[in-house]
Amino acid sequence: MSKKILAIIFGAVVLMVIGGVWYYLNPPQPSELTKDDLIKVKDFKLNQTVISPLIVKGEARGFWYFEGSFPVKIFDGNNNLLGAVPAQAQGEWMTEAFVPFEASLIFSTSTTKQGTLVLQKDNPSGLPENDDEFIIPVTFKDLAAQGEKMTVKAFFNNSSLDSEYSCNKVFPIERTVDKTQATARAALEELLKGVSTEEESEGYFTSINPGVKINRLVVENGTAEVDFDEQLEFQVGGSCRVSAIRSQITQTLKQFPTVENVVISIDGRTEDILQP
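Residues numbered from 1 in each chain as written. Predicted model: local features only at pLDDT ≥ 70, side-chain atom pairs only at ≥ 80, totals over all residues. Heavy atoms only, no water.

Caption draft 1: Examining the sheet that holds strand β10 (residues 149-158) more closely. Taken in spatial order, the 3 strands line up as β11-β10-β12 in an open sheet, and their pairing is antiparallel. The open sheet has two edge strands with one neighbour each: β11 (171-178) and β12 (204-205). In the sheet, β10 pairs with β11 via 8 bridges, with the strands oriented antiparallel. The residue bridging Lys149 from the neighbouring strand is Asp178, located in β11. Each of β10 and β11 is contacted by helix α2 (residues 183-192), which is oriented at about 45° to β10, the strand it contacts most. (Pairing = 2+ DSSP bridges. Helix = DSSP H or I, 4+ residues; strand = E, 2+ residues; numbered from the N terminus. Contact = heavy atoms within 4.5 Å. Axes fitted to C-alpha atoms, helices over the stretch in contact; angles between N-to-C directions.)

The following block contains the structure:
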């Protein structure tokens with residue numbers, strides 16, 4: 001056998017060994033994840049890179065549901081809740097067979113690269129022995145690092161468009177920002193920046209104090225719960241200004257189809273805030 005043929009055979013063997021080692025260290029992951037023959041998530045992998053909104057589809061045994069749904073939640077690496085939504089059964093759920101489900105999960109920006117997607121068994125009894133969940137590790141996509149942009153709206157009062165100043169009548173201004181998973185938070189942050197000199201010359205103004213910070217924002221079941229620091233109500237008085245502040249925040253969040261209601265709080269308080 002010639003040296004040339006031996007060299008070819010040797011090279012092929014080396015490639016096979018390298019390929020085998022790589023396959024061992026990086027085994028292919030299934031596109032369907034399952035837990036104990038109870039619930040399956042379709043077209044999903046461990047540590048999959050995710051972006052909001054996240055569509056989650058699969059099948060679960062009928063007893064995983066209650067009233068045709070079960071909670072789907074996503075957490076960052078510090079176990080902070082970023083978003084939650086009920087997964088809805090796509091068929092008759094009062095069965096022990098598998099029933100298809102689907103959920104569209106909107107979530108806030110993560111401060112960590114890794115996180116977890118949690119599909120919880122609905123447990124109306126509240127008994128610990130009936131609890132169960134399917135935890136899937138995920139990776140959050142960093143859109144800003146890729147230079148992608150998006151447009152959001154922030155709502156302000158405008159003395160030119162509303163000469164009688166109706167207090168709660170607000171108008172949108174489009175802002176271009178770094179693309180992010182947390183579109184609602186990005187819009188709120190633009191609102192809190194106030195108006196530019198050019199926008200002010202066009203009659204726009206804000207009733208919100210400068211320097212207000214967002215403590216927490218979660219969108220769940222059609223409701224956006226947003227918590228601000230105490231600067232939001234610092235030296236704020238008068239029913240008209242209070243109405244304008246609430247309207248600016250509410251309309252800025254309601255631009256998103258997943259938000260039907262808005263709950264505003266200050267340092268966790270919903271009672272006795274933004275009083276006239």
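Right, picking up where we left off after that structure.
Caption draft 2: Representation of unusual backbone geometry in the model. The omega torsion across Ser52 and Pro53 is 0°, close enough to zero to call that bond cis. If you trace the backbone, Pro53 turns up in the loop between β3 (48-50) and β4 (54-61). A positive phi angle is found at Gln235, which is not glycine, with a value near 55°. According to the relative accessible area criterion, Gln235 is exposed, its value standing at 66%. A positive phi is found at Asp267, a non-glycine position, where the angle reads about 50°. Tracing the chain through its elements places Asp267 in the segment after β15 (261-266). (Buried < 20%, exposed > 50% of the residue type's maximum accessible area, 1.4 Å probe, protein only.)

Caption draft 3: How the structure looks around the packing of aromatic side chains. The tally for this structure, following the rule as stated, stands at 4 aromatic pairs. An angle of 70° between the planes, with centres 6.4 Å apart, marks the rings of Phe66 and Trp93 as edge-to-face. Placement of Phe66 in the loop between β4 and β5 (69-76) and of Trp93 in the loop between β6 (81-89) and β7 (98-105) is noted, with a sequence separation of 27 residues between them. Note on Phe66: relative accessible area 35%, which makes it partly exposed. With centroids separated by 5.0 Å and ring planes inclined at 80°, the aromatic side chains of Phe70 and Phe101 adopt a geometry described as edge-to-face. One end of the pair, Phe70, is in strand β5; the other, Phe101, is in strand β7, and 31 residues separate them in sequence. Judged by relative accessible area, Phe70 falls into the buried class, the value being 1%. (Phe/Tyr/Trp six-rings, centres within 6.5 Å; stacked < 30°, edge-to-face > 60°.)

Caption draft 4: How the structure looks around the environment of Glu202. Topologically, Glu202 is positioned in the loop between α3 (197-201) and β12. Glu202 sits in the partly exposed class, given a relative accessible area of 41%. In sequence terms Glu202 and Ser160 are 42 residues apart; their C-alpha atoms lie 7.2 Å from each other. Not counting the four nearest positions on each side in its chain, Glu202 is found in contact with Asn158 and Ser160.

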